[in-house]
Amino acid sequence: MKIKNKILLVVNPISGGLNKRTMLVTVKAEIKKRGLQLELYETTGKKDKKKIKRMIEDFQPDHILVVGGDGTIQLVAEVLDGHKISVGILPAGSANGLAVNLKLPPKLQDQLKIALGDNILEMDVLKINGRTCLHIADLGINAELIKNYEHASIRGKLGYFLKSIPTLFHSNFPFNFEIEIDHMTVYKKGILLAIANANKFGTGANVNPTGKMNDGKFEILVFKKLNFIKIFKTLSENAKLGSDFVEIISTTQAKIRCTTPVAFQIDGEYVGEVCEVEAQISPNKLLIAVPSPIE
Ligand SMILES: Nc1ncnc2c1ncn2[C@@H]1O[C@H](COP(=O)(O)OP(=O)(O)OP(=O)(O)O)[C@@H](O)[C@H]1O
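Residues numbered from 1 in each chain as written. Predicted model: local features only at pLDDT ≥ 70, side-chain atom pairs only at ≥ 80, totals over all residues. Heavy atoms only, no water.

Peer 1: So what's going on with unusual backbone geometry? Which residues, and what values?
Peer 2: The phi dihedral of K47 is positive, around 50 degrees, even though this residue is not glycine. With respect to the secondary-structure elements, K47 resides in the loop between β2 (37-42) and α2 (48-59). Even without glycine at this site, N129 takes up a positive phi of about 45 degrees. Turning to its location among the elements, N129 is positioned in the loop between β6 (126-128) and β7 (131-133). Exposure remark for N129: the relative accessible area of 37% places this residue in the partly exposed category. (Helix = DSSP H or I, 4+ residues; strand = E, 2+ residues; numbered from the N terminus. Buried < 20%, exposed > 50% of the residue type's maximum accessible area, 1.4 Å probe, protein only.)

Peer 1: Give me the lowdown on the site of the ligand, citing residues and values where you can.
Peer 2: Close contacts around the ligand come from 16 residues, with G16, T43, G71, T72 and S94 the closest. Measuring from a nitrogen atom of the ligand, one finds a backbone N or O atom of G45 at 3.4 Å. A95 places a main-chain nitrogen or oxygen 3.2 Å from an oxygen atom of the ligand. (Near = heavy atom within 4 Å. Polar contact = N/O pair within 3.5 Å; in protein donor to acceptor, adjacent residues only side chain to side chain.)

Peer 1: Account for the side chain of E219, with residues named and values stated.
Peer 2: Within the fold, E219 resides in strand β12 (residues 218-223). K217 provides the closest opposite charge to the buried, salt-bridge-free E219, at an N-O distance of 7.0 Å. A polar atom in the side chain of E219 sits 3.1 Å from the side chain of S250. (Lys, Arg positive; Asp, Glu negative; His and termini not counted. Salt bridge = Lys/Arg side-chain N within 4 Å of Asp/Glu carboxyl O.)

Next up, the structure:
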């Protein structure tokens, strides 16, 4: 395992609506205690990629610690595309979908041990319509919910639930999906088509229980109908979802077309309505610190 001497700490000061001051005191104290060199970068929302790239060239870090939500981790992953620098996450966003999938613990001290530890996962990264996806993207009803939730005044799971009621009434589901994989085309009808590198949505729904983040593949999940009991079951760790509820296709690349524009989200961020999506596994992995070795 590569020795970590130089740590670049990337902090998003606004993510999750949290004040990071106390958190940063703890993080800096731990880095000092370990005798590591530290450089801090605070994101501004403007030209962050370019500025982080320059810091990497100047400081030559061995490891990057990210304090932020999924958007900040994506930003760092994009800067690191092709680099062999590892990343540790200190989740500080509103949903923290990647942290949920990596099973990171809730306490900062435990997160720090993992984020500075030696268990590094060579994680697959998806490129979807040219954007980076680290855990789950989807077309359909969940993306519509995320779009409405972004404008909601009540945050958290309650806000998501309250927003779901009008969304379900106004949605045009089911949608017609044309899925092209290796020159073979299949047609599916469903309420939601997910493109999953990981197992869970940020809300904890375990929709892809057998998916692995380091197998060089992703899953296309087509949810056929709106079955609230089955959706509720996905919140259990060992959810068994029959093919009458969800159909799963494992692949390395796919083109998906819809007959009408459908709401689309990547890693919990609403992208817009699209008719065509192209997804493939990137040749470059993201080296990410995880709680225990993952085969
Ligand atoms: N200093 C800043 N001021 C305003 N916006 C910022 C700043 N730094 C970063 N951003 C914006 O923050 C967004 C990324 O936030 P991030 O996804 O990390 O947190 P979040 O939205 O709270 O969390 P999650 O994705 O887990 O729900 C990007 O849109 C980026 O442009």
